[in-house]
Amino acid sequence: MKKVYFKTFGCRTNQFDTQIMLSKLKNFTVEDDECSSDIIVINSCTVTNSADSSVRGYISSVKRKNPNAKIILAGCGAHSKGDTLFDEKAVFGVMGHSEKSNIDILLQKEDPFCEIGDLNHIDSTVVGDFIGKSRAFIKIQEGCDFGCSYCIIPSVRGSARSHETETILEQISLLSSNGFGEFILTGTNVGSFGKDKDTTLAKLLKKISYIRGVRRIRIGSLEPIQIDDEFKELLNEPWMAKHLHIALQHTDDKMLALMNRRNVFSEDEKLLNHISQRGYAIGTDFIVGHPGETEQMWQNAIKRVQALPLTHIHAFTYSKRDGTPSTSMTDTVKGDIAKTRLAELTKCVNEKNIIFRENNHRNLEVLIESTKNKDLYKGYDQFYNLLEVKSELDLSNSWIMIEDAEVKNDKNFFEYGC
Ligand code: SF4
């Protein structure tokens, strides 16, 4: 049988898509070494120009390391760069999101192929395992209808559409019967789930919580405006991870308008305080240095961040993305200024994280995910804070309760059963 190696770039949704492709292989074996593979499938990301460059760079490097391998481009890059890379003969094959479940047939093709497919597709594949993981990412929806001015995603993932509730429940039941206890609900715009199916994320969460073996449910990311009263009623449920990632992207209202965002700061502030008062850790996404971000806007934004109950941050400097409205905005921010703002923002929220952990380092429920070296393990607690655990016991993929962890600068630490 021919050997296939998978390289996955980008988000959790892409990780789920790779699991779908893995589950569809019948006439191939999965290889974990790209140099001895016959075929290399690149599940690509195209969220920024630099994401595109990383994929291109990877293609050149594997061509040097394994010149005889057939390179197949999948993922979001197939929709933004597929034609170009195929015409340049940089790749042997291109397969769009809707073609994932045909992977076993496509990889048998003797001639080069370019199957980009459509952007209306909804996966119905149920995977029985999440290879190499102790927690499972579950894609519940696809696409986005928002249209933020810096973002290419809607044009490579399509409009927002939900997976069938039955398929999601079947997916989680199968994985929980195979030992998984933590599930991360993912998608392009998770909070849009149900809008096209006359249901809601809150209703789905309740149904998932009834499945035997479901211990903790996390939600990949939510837009502030999508957190309604029905969802807020679930905040005290024991199966809800005590961490929410709520994508603000900025905290200055003029900047939010320039980014064509739907959230406004006064509502965001009320929402985050409401959630934090229920003991939650809160993460967010934030783009600094977007065109039009004046020093005054920045000073206003960082002052507001200092007042927000944030504990985790995914902060980025703005990165051009061809084909988005922001690219034609001329009042750009110098790279060094953007980097300084990024450092200031990250430092601010990291300090808040330490304070949060100093107030929340007891009775931590941790799922051990990986082994650092023989007696050191890594895992995350209910607040999505990292734990390093020292133990002579084999703790792989196990749940442990930690009475009182030591708070260190970048993580918590505990000696278990020693
Ligand atoms: S919500 Fe905005 S940033 Fe997120 S995927 Fe949709 S368009 Fe992109």
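Residues numbered from 1 in each chain as written. Predicted model: local features only at pLDDT ≥ 70, side-chain atom pairs only at ≥ 80, totals over all residues. Heavy atoms only, no water.

Asks: Even after reading the chapter, I still don't get the packing of aromatic side chains, so can you show me in this structure?
Replies: Given two aromatic rings, one states the distance between the centres and the angle between the planes to describe the pair. Overall, the coordinates contain five aromatic pairs when judged by the stated rule. An angle of 80° between the planes, with centres 6.2 Å apart, marks the rings of phenylalanine 92 and phenylalanine 113 as edge-to-face. Residue phenylalanine 92 is located in the loop between α4 (82–87) and β5 (93–95), and its partner phenylalanine 113 is located in strand β6 (residues 113–115); the two are separated by 21 residues in the primary sequence. Here phenylalanine 92 matches phenylalanine 113 in class, with each residue buried. Look at phenylalanine 286 and tryptophan 298: their rings are 6.3 Å apart centre to centre, the planes differ by 90°, and that puts the pair in the edge-to-face class. (Phe/Tyr/Trp six-rings, centres within 6.5 Å; stacked < 30°, edge-to-face > 60°. Helix = DSSP H or I, 4+ residues; strand = E, 2+ residues; numbered from the N terminus. Buried < 20%, exposed > 50% of the residue type's maximum accessible area, 1.4 Å probe, protein only.)

Asks: Help me understand helix α1 (residues 12–24), please; the structure alone is not making it clear to me.
Replies: Spacing of three or four residues puts side chains on the same side of an α-helix, whose turn is 3.6 residues. For α1, which comprises 13 residues, the first-to-last C-alpha distance of 19 Å matches the rise-based estimate of 18 Å (1.5 Å per residue) to within 8%. Within the sequence span of α1, burial applies to Thr13, Asn14, Phe16, Asp17, Thr18, Gln19, Ile20, Met21 and Leu22. (Expected span 1.5 Å × (residues − 1).)

Asks: Explain the pattern of salt bridges to me, please; I cannot follow it from the model alone.
Replies: Note on pairing: side chains with opposite charge can pair once their charged atoms come close. Enumeration according to the criterion identifies 29 salt bridges in this entry. In this structure, the salt-bridge partner of glutamate 115 is lysine 109, at a minimum N-O distance of 4.0 Å. Judged by relative accessible area, which is 31%, lysine 109 ranks as partly exposed. Residues participating in the shared-partner salt-bridge network are Asp17, Lys100, Asp123, Lys139, Glu142 and Arg157. (Salt bridge = Lys/Arg side-chain N within 4 Å of Asp/Glu carboxyl O.)

Asks: Sorry if this is basic, but what is going on with the packing of helix α7 (residues 165–177) against helix α8 (residues 201–209) here?
Replies: Between α7 and α8, the shortest axis-to-axis distance is 10 Å and the interhelical angle comes to 30°. The handedness of the crossing between α7 and α8 is right-handed. Contact residues: Thr165, Ile168, Leu169 and Ile172 in α7; Leu204, Lys207 and Ile208 in α8. Among the residues forming the contact of α7 with α8, the class breakdown is five nonpolar, one polar and one charged. (Axes fitted to C-alpha atoms, helices over the stretch in contact; angles between N-to-C directions. Left-handed = near helix turned anticlockwise from the far one by under 90°. Contact = heavy atoms within 4.5 Å. Nonpolar A, V, L, I, M, F, W, Y, C, P; charged D, E, K, R; others polar.)

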